[in-house]
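# Residue-level structural notes
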Amino acid sequence: LLERNKTMEIIEKENKFLLLNDEREKVGEIDFENNGGKLTITHTEVQKVLRKEGLGERLVLSVVEKARETDLSLGATCPYAANYIKHHKRELEDVL
């Protein structure tokens, strides 16, 4: 990640995580639903200027960690998150 992203903060709100910059402005978010034992990622978005810096992955991993902490499985209807899960099945096998 670039130096400027070290100050990025991810905070949890109801059914979403927000990515805030060092000025506490929202620069990304990930939305999910809790469908009876499964967290389904429905939308991932990062400001265009910050894409390709691993921030979408950080958001997905926030939901992965929530799934692990709450003993839920993970799924995605969001194309970005679904692709991430598809390419990281080994690391995520405990929540799939």
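Description of the structure in this document. What you are looking at is a predicted structure, and each value in this text was computed from that prediction instead of being measured. (Residues numbered from 1 in each chain as written. Predicted model: local features only at pLDDT ≥ 70, side-chain atom pairs only at ≥ 80, totals over all residues. Heavy atoms only, no water.)

## Quick word on the environment of Ala76
Formally: What counts as a helix is a DSSP run of H or I of at least four residues, what counts as a strand is a run of E of at least two, and both are numbered from the N terminus. Using a 1.4 Å probe on the protein chains alone, a residue whose accessible area is under 20% of its type maximum counts as buried, one over 50% counts as exposed, and one in between counts as partly exposed. The contact definition used throughout considers only heavy atoms, calling two residues in contact when any of these lie within 4.5 Å.
Here Ala76 lies in strand β5 (residues 73-76). Classification of Ala76 by relative accessible area gives partly exposed; the value is 27%. Those residues in contact with Ala76 that sit more than four places away from it in its chain are Thr40, Ile41, Ala81, Ala82 and Ile85.

## A look at the pattern of salt bridges
Worth spelling out the cut-off: Put simply, a salt bridge is a Lys or Arg side-chain nitrogen that is within 4 Å of an Asp or Glu carboxyl oxygen.
Scanning all chains against the criterion turns up six salt bridges. Here Arg24 and Glu9 are joined by a salt bridge, their closest N and O atoms 2.3 Å apart. On the criterion of sequence distance, the pair formed by Arg24 in the loop between β2 (16-20) and β3 (26-34) and Glu9 in strand β1 (residues 9-13) is long-range, its members being 15 residues apart. A salt bridge links Lys16 to Glu29; its shortest N-O distance comes to 3.1 Å. Within this pair, whereas Lys16 is found in strand β2, its partner Glu29 is found in strand β3, the two being separated by 13 residues in sequence. One connected set of salt bridges, linked through shared partners, spans Lys16, Lys26, Glu29 and Asp31.

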